[in-house]
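Architecture at a glance
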Amino acid sequence: MGLDFTVVPGFMDIILLGALWTVAITVASAVLSFFGGIFFAVIALYTHWTVRLPFKAFEWLFMGTPLLLQLFLIYFGLVQIGIDLPAFVAGVVGLGLHFAVYNSELIQTAIIAVDKGQMEAARTLGLSRGEALRKVVIPQAVRDVIPPIGNNMIALLKDSALVSVIGVSELTLSAQRVIGKTYRPFEFYLVAAAVYYVINLCMEWVQRRIERRIALSR
Amino acid sequence: MTEEKHFVEIRHAKKSFGTLEVLKDINLTVERGQIVGIIGSSGSGKSTLLRAINDLDPLSGGEVWLDGVQVNKSLPHRQYEKHINAMRQQVGMVFQHFNLFPHLTVRDNVTMAPKLLKGISNDEAETLAREQLEHVGMLEKIDAFPSQLSGGQKQRVAIARALAMKPKLMLFDEATSALDPELVEEVNQVMKKLAEEHMTMIIVTHEMDFAASVCDRVLFMEKGVVVEEGPPEVIFKNPEKQRTREFLRKHIEGAA
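Residues numbered from 1 in each chain as written. Chains lettered and ligands numbered in written order. Predicted model: local features only at pLDDT ≥ 70, side-chain atom pairs only at ≥ 80, totals over all residues. Heavy atoms only, no water.

1. So, the overall build of chain A
The criterion, for reference: In this description a helix means any DSSP run of H or I spanning at least four residues, a strand means any run of E spanning at least two, and both kinds are numbered starting from the N terminus. Think of it in three bands: with a 1.4 Å probe and only protein chains considered, a residue is buried below 20% of the maximum accessible area for its type, exposed above 50%, and partly exposed in between.
Looking only at helices and strands, one finds nine helices and zero strands in chain A. Across chain A, helices and strands are ordered from the amino to the carboxyl terminus as α-α-α-α-α-α-α-α-α. With respect to the three principal axes, the spread of C-alpha positions in chain A is 75 × 45 × 20 Å. Among the 218 residues that make up chain A, the fraction classed as buried is 46%.

2. Things to note about the overall build of chain B
Note the cut-off: Each radius of gyration reported is based on C-alpha atoms, and the globular scaling rule is 2.2 Å times the count of residues to the power 0.38. Contacts are assigned to residue pairs with any non-hydrogen atoms lying within 4.5 Å of each other. Only the protein chains shown count as cover for residues, and the accessible areas themselves come from Shrake-Rupley with a 1.4 Å probe. Charge counting treats Lys and Arg as positive and Asp and Glu as negative, with His and both chain ends excluded. Charge placement uses NZ in Lys and CZ in Arg. For Asp and Glu, CG and CD serve respectively.
When helices and strands are tallied, chain B shows nine helices and ten strands. Against the globule reference of 18 Å for 256 residues, chain B gives a C-alpha radius of gyration of 18 Å, in line with a compact fold. Projected onto the principal axes, the alpha-carbon positions of chain B cover approximately 55 × 50 × 35 Å. Relative to its full complement of 256 residues, chain B shows a buried share of 54%. Taking contacts inside chain B between residues at least 6 apart in sequence as the whole, the part at least 24 apart equals 64%. Here chain B displays about 11,600 Å² of accessible surface, and carbon together with sulfur accounts for 49% of that area. Computing the positive centroid from 32 side-chain charges and the negative centroid from 37, chain B places the two 4 Å apart.

3. Section: the side chain of Thr65 of chain A
Residue and element names in this part refer to chain A. Selection rule: Residues adjacent in sequence count toward polar contacts only when both atoms are side-chain atoms; beyond that, a polar contact is any pair of N or O atoms within 3.5 Å, and within protein one must be able to donate a hydrogen and the other to accept it.
Structurally, the position occupied by Thr65 is in the loop between helix H2 (49–64) and helix H3 (67–77). One polar contact links Thr65 to Gln70, side chain to side chain, over a distance of 2.9 Å. Here Thr65 is in contact with Trp60, Gln70 and His98, once residues within four sequence places are set aside.

4. Describing the sheet that holds strand S10 (residues 225–230) of chain B
All names here are of chain B. Convention followed: DSSP calls a pair of strands paired once it identifies at least 2 bridges connecting them. Each axis is a line fitted through C-alpha atoms, and for a helix only the stretch in contact is used; angles between axes span 0 to 180 degrees, taken between their N-to-C directions.
The six strands are arranged S6-S7-S8-S3-S9-S10 in an open sheet whose pairing can be described as mixed. Since the sheet does not close on itself, it has two edges, and those belong to strand S6 (91–94) and S10, each with one partner. Going across the sheet, the axis of each strand differs from the next one's by a mean of 15°, ignoring polarity. Pairing geometry for strand S3 (residues 35–39) and strand S8 (residues 200–204), over four bridges, is parallel. Bridge pairing in S8 links Val36 to Ile202. Of the strands in this sheet, S3, strand S7 (169–173) and S8 are in contact with helix H6 (residues 181–196), which crosses S8 at around 145°.

5. Observations regarding a positive patch on the surface
All names here are of chain A. The condition is simple: Each patch groups residues whose relative accessible area exceeds 30% and which form no salt bridge, using 9 Å between like charges and 5 Å between nonpolar side chains of Val, Leu, Ile, Met, Phe, Trp and Tyr. Within this document, salt bridges are pairs made up of a side-chain nitrogen of Lys or Arg and a carboxyl oxygen of Asp or Glu, the two lying within 4 Å of each other.
On the surface, a cluster of positive charge is contributed by Arg208, Arg209, Arg212 and Arg213. Turning to its location among the elements, Arg212 is positioned in helix H9 (residues 185–215). Relative accessible area serves as the criterion here: at 59%, Arg212 is assigned to the exposed category.

6. Structural notes on the pattern of salt bridges
If you walk through the whole model with that rule in mind, you get 20 salt bridges over all chains. Among the ionic pairs, Lys56 of chain A bridges to Glu59 of chain A, the shortest N-O distance being 3.7 Å. Residue Lys56 of chain A and its partner Glu59 of chain A are both found in helix H2; the two are separated by three residues, about one turn of the helix. A relative accessible area of 5% means that Glu59 of chain A is categorised as buried. Salt-bridge contacts for Arg107 of chain B lead to Asp143 of chain B; the nearest nitrogen and oxygen are separated by 2.7 Å. With Arg107 of chain B in helix H3 (residues 106–118) and Asp143 of chain B in the loop between helix H4 (122–135) and helix H5 (151–163), the pair connects residues that are 36 residues apart, well separated along the chain. For Asp143 of chain B, a relative accessible area of 53% translates into the label exposed. Each of the salt bridges in this network shares a partner with another, and the network as a whole consists of Lys116 and Glu120 of chain A together with Arg51 and Asp57 of chain B.

7. Observations regarding the interface of chain B and chain A
Note: interface size is frequently given as the accessible area lost on complex formation between the parts. Our working rule: The term buried area means the drop in 1.4 Å probe accessible area that two parts suffer when joined, counted for both and summed.
The interface of chain B with chain A comprises 25 residues on the first partner and 22 residues on the second. Each partner contributes to the roughly 2,000 Å² buried at the junction of chain B and chain A, and carbon and sulfur atoms together form 62% of this total. For Glu81 of chain B, the salt bridge is made with Arg123 of chain A, and the minimal N-O distance between the two is 2.9 Å. The interface formed by chain B and chain A contains seven residue pairs in polar contact (both at pLDDT 80 or more). Mapped onto the side of chain B that touches chain A, the elements with two or more residues apiece are helix H2 (77–88), S6, H3 and H5 of chain B. With four residues, H3 of chain B is the largest single contributor of residues to the side of chain B that touches chain A.

8. Topic: the packing of aromatic side chains
Residues and elements named next belong to chain A. Put simply, the test is: Centres within 6.5 Å make a pair out of two Phe, Tyr or Trp rings, where for Trp the six-membered ring is used; the pair is then stacked when the planes are under 30 degrees apart, edge-to-face when over 60, and tilted otherwise.
Evaluation of the coordinates by the stated rule reveals twelve aromatic pairs over all chains. On the numbers, 4.9 Å between centres and 55° between planes, the contact of Phe58 with Phe62 is tilted. Of this pair, Phe58 and Phe62 are both found in helix H2, four residues apart, which corresponds to roughly one turn of the helix. With a relative accessible area of 26%, Phe58 lands in the partly exposed category.

9. A look at the UniProt feature "domain: ABC transmembrane type-1" (unreviewed entry) in chain A
As a reminder of what qualifies: UniProt positions are given in the numbering used here, feature names are shortened, and annotations may be inferred rather than shown by experiment.
Per the UniProt record, "domain: ABC transmembrane type-1" (unreviewed entry) is found at residues 19–207 of chain A. Here residues 19–207 of chain A runs as 83% helix and 0% strand, with 20 Å between its end C-alpha atoms.

10. Notes on the layout of surface pockets
A water-sized probe, rolled over the atoms, reveals where empty space remains. Residue and element names in this part refer to chain A. Filter applied, for reference: Here a cavity denotes a set of grid points, spaced 1 Å apart and computed over the protein atoms alone, in which a 1.4 Å probe fits but from which it cannot get out, and a pocket denotes an open set meeting protein on both sides within 12 Å along at least five of seven lines; residues with an atom within 4 Å of a point are reported as lining. Grid points are joined across faces, edges and corners, and a volume is the space filled by probe spheres set on the points. All residues other than Ala, Val, Leu, Ile, Met, Phe, Trp, Tyr, Cys, Pro, Asp, Glu, Lys and Arg, Gly among them, are scored as polar; the first ten of these are nonpolar and the last four charged.
By volume, the largest pocket amounts to about 470 Å³. Contributing elements (two or more residues each) for the lining of the largest pocket: helix H1 (8–46), helix H7 (146–159) and H9. Ranked by residue count, the leading element in the lining of the largest pocket is H1, at seven residues. Here the lining of the largest pocket is built from residues that sort into 15 nonpolar, three polar and no charged.

11. A short note on the UniProt feature "transmembrane region" (unreviewed entry) in chain A
Residues and elements named next belong to chain A. In the UniProt entry, the feature "transmembrane region" (unreviewed entry) is given for residues 20–46, 58–79, 85–102 and 186–206. Annotated as residues 85–102, this span is 89% helix and 0% strand, and its ends, taken at the C-alpha atoms, are 24 Å apart. Secondary structure across residues 186–206 divides into 100% helix and 0% strand, with the first and last C-alpha atoms of the span separated by 30 Å.

Laid out in structure tokens, this is it:
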């Protein structure tokens, strides 16, 4: 039996609903990983060791173990200690924290690379260290790592397929469900791949817009 | 204080980096409206002394007083931070490398600190930015980013940024040293204008002509001590100390 794409249009509603969930989970996790990344970077660089060391352990957990395992831990594991998260929330927390740790590494390096004259100039105007970080150093550090953070966000989109295993009806799981009904894996996995690719293009477009906007301010 | 009150007073300032003594028992007084120049070769401690005045490089020993308040008084950490931030709001500083905030427009460079620290409204901030930029001749660049400006323009904006906090005292740390020669004059003009308005200023500089023309008093520093101080006519034309004469002669040869 050859390929038959005529079955596709009848199931596009399910596929597109799945795509909508993929976009939702990607955007929510991206936002969490962005602000989480800044927060983690500040913890890693500026807090007392009593805070920093436990944080390092947490960071190791997220960098050194498979994302899939982390999702299982958050969704199935936490229930045992009374934290019962809906699958979507568990997915966002898992993806968001996982990529926050990677973003934090980038942002830490960028913070260190901001010219120390910037902090000095802010302090001489009378800003506290916290104010200087918030208004002067961190905005510049973040601006400098927008391109690699953008790459992380595209990896995040692709890894969002993993939340299908905890039952979020995102694009991959939707495709699987349609395949269960039609026995047409090749067609629907290809359709899903095409939809991922389109979302990817949209993300790259957004990233380029952001980069163009910040190009002047360097 | 037992003796008469000076506007700025540095008493027995000492500073070491490890075993290297950068400042060895320096005393300096500046009166309100005075302009004091500090000259000397690299590594003489002149920038360190300037940076000690707003505690950017804290002294190892000695006291800094501004307008009757000790800048580097000993306080518990949190209280000291509050105190020093309040002191620094009264002291403007201009750096050799400008240190403008590249992610902010010229307008926001000028208004960021007053908005954050003095809580002025957006309208007040706009008026303040226009007023300060007009003063340094940079109003037309109000919407530009620092990357779009020449070095001289950047430094004029940096001066406007410092003045926007309405400081009592301005510190200039080799403000024109990083500029192309043809851009030095526009910055010097702005500093002269401030001098005419009787701003109290302490100026670390390599430009002897400029120091001679604006300063009321000039200090020559070498190896962490003040070798000689006096009015510019004396320091530049007829210095007492052999070391001062040698420095000036080398400097003139170097410049020529």
